[in-house]
Amino acid sequence: MRLWRLAAAAIALAAAVPAGAFAQTVKLGIIDSYSGPFASVGEQLDRGIRLYMKQHEKDLPPGVKLEIIRRDDTGPNPDVAKRLAQELITRDHVQLLGGVIFTPNALAIAPLATESKTPFIIMNAGTAMITTKSPYIARVSFTQWQSCYPLASWALKNGIRKVYSIVSDYGPGIDSEAAFTKGFTDAGGQMLGAVRVPVANPDFVPFLQRAKDAKPDAVFAFVPAGKQATALMKGFSDLGMVQAGIKLIGPGDIATDEELHNMGDAALGVVTAFHYSAAATRPANLAFVKAYKAEFGPDQEPSFEVVDGYDGMAAIFHVIEAQGGKIDPDKTMALLKGWKDDNSPRGPIMIDPDTRDIVQNEYIRRIEKVNGQLANVEFETIPMVKDPWKEINHQQ
Ligand code: PHB
């Protein structure tokens, strides 16, 4: 009798789950910049997602499939991002949203995440207040405050007293300028001037010339990573800033690893604060870089967006596994709060349960030659930094 019952149960299950099908499909909508001037940045993020899937898809609970639906926002276009998110939620019925390089896009999606109760895992966009715009947002990437605020203390301790700021004129640029200026001036440093440039800026020379004329010890700069970083570095070199005794410092976006080979020796000596360097020698990172090169080519370096996409998928796998593939929005958010990974390629990471923002090490790095190649060499660690903007403004 017992055997018969078991057999019947097995037959019923087989009928419900035809061979090759899955009992539970989780749908994840990824909004990323796959085309346009920032396509190389979007590609980095997607590589992180692909690498994680390749390594870990087999670890999903039996009968659970993760379907990723990718959409291209084409760059900093909030209207496009909003429409894509709307379609993913209402037509494709995704249970989770992820991705997003650009702050304006993340902000456009936030109210939709709230209305539809769709957990939204941010894998790049770095303006501090984004996480306050929806209780269904968790961020696995970084905030500009996290790197720029501690960088100010480092600069002062290392003989930089006068700084000129150049940032892209939108959320993360304005945050970078504010964070550095607060850290720097509170501790006695002097800002000689500040200029904001278009998000996709063709030529940095006119802005750098103003900085040069002000005779600072250093230029502090933020631009969105990718080709903008290389354009900034080219302007710095063309104007002979180093020869004029002016250093370049900033968040790691301006020294993004995958572009270093395009920057040339002008980038040598640039000091940045950031949460990830491809050159880091932590065992978890050595394994990560090896796997990345095996997948994408021996001459390729993973940038921070790769590791942010990779860790974002780790967080998503955690919520899928913990719920056996049945995604409940509020349970998902509870699972994300306090989620941690002690062995990310970037070091230990955690989602702050109060703010849903990432807590992670910040590394002070200098561009040096390692085996003949430019690399962001970490030389100081500031452990487990919480977003300082939220700390200072008591924001959650
Ligand atoms: C953003 O829009 O928030 C953003 C984009 C590129 C970066 C950093 C932040 O490198």
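Residues numbered from 1 in each chain as written. Predicted model: local features only at pLDDT ≥ 70, side-chain atom pairs only at ≥ 80, totals over all residues. Heavy atoms only, no water.

Asks: With reference to specific residues and values, describe the packing of helix α11 (residues 304-322) against helix α12 (residues 329-336).
Replies: Two numbers describe how α11 lies on α12: the axes approach to 10 Å, and their chain directions differ by 125 degrees. It follows from the interaxial angle that α11 and α12 lie oblique. When the axes of α11 and α12 are compared, the crossing they make is right-handed. Seen from α11, the contacting residues are A315, H318, V319 and A322; seen from α12, they are K331, T332, L335 and L336. The residue inventory of the contact of α11 with α12, partitioned by class, reads 5 nonpolar, 2 polar and 1 charged. (Axes fitted to C-alpha atoms, helices over the stretch in contact; angles between N-to-C directions. Helix = DSSP H or I, 4+ residues; strand = E, 2+ residues; numbered from the N terminus. Parallel < 35°, antiparallel > 145°, perpendicular 65-115°, else oblique. Left-handed = near helix turned anticlockwise from the far one by under 90°. Contact = heavy atoms within 4.5 Å. Nonpolar A, V, L, I, M, F, W, Y, C, P; charged D, E, K, R; others polar.)

Asks: Give me the lowdown on the sheet that holds strand β3 (residues 96-99), citing residues and values where you can.
Replies: Across the sheet, which stays open at both edges, the 5 strands sit in the order β2-β1-β3-β4-β5 with parallel pairing between neighbours. At either end of the open sheet lies a strand with only one pairing partner, and these are β2 (64-72) and β5 (137-139). The average angle at which neighbouring strand axes cross in this sheet is 25 degrees, direction not considered. Relative to β5, strand β4 (residues 120-122) is paired through 3 bridges, and the arrangement is parallel. When the sheet's bridge partners are listed, F120 is paired in β5 with I137. Packed on one face of the sheet, helix α2 (residues 39-56) meets β1 (24-32), β2 and β3 and runs near 170 degrees to β2. Relative to the sheet, α11 contacts β1, β2, β3 and β4, its axis offset from that of β2 by approximately 140 degrees. (Pairing = 2+ DSSP bridges.)

Asks: So what's going on with helix α10 (residues 283-296)? Residues and values would help.
Replies: Between its first and last C-alpha atoms α10 spans 20 Å; for 14 residues at 1.5 Å apiece the expected length is 20 Å, and the two agree. Regarding α10, the residues found buried are A284, N285, F288, V289, Y292 and F296. Viewed end-on, α10 has its buried residues packed into an arc of 125 degrees, placing them on one side of the element. Facing away from the buried side of α10 by over 90 degrees, the exposed positions are P283, K290 and A294. Buried-residue contacts for α10 involve α2, α11 and β11 (340-344). Backbone geometry just after α10 places G297 at a positive phi near 120 degrees. (Expected span 1.5 Å × (residues − 1). Buried < 20%, exposed > 50% of the residue type's maximum accessible area, 1.4 Å probe, protein only. Arc of directions from axis to C-beta.)

Asks: Give a description of the pattern of salt bridges that names residues and reports values.
Replies: Applying the stated criterion to the full structure yields 23 salt bridges. Across the pair R366 and E368 runs a salt bridge, and its minimum N-O distance is 3.8 Å. Residues K390 and D387 are paired through a salt bridge, measuring 2.8 Å at the closest nitrogen-oxygen approach. Given the relative accessible area of 4%, K390 is considered buried. Look at D387 and you get buried, because its relative accessible area is 3%. Through salt bridges that share partners, E43, D46, R47, R50 and R70 make up one connected network. (Salt bridge = Lys/Arg side-chain N within 4 Å of Asp/Glu carboxyl O.)

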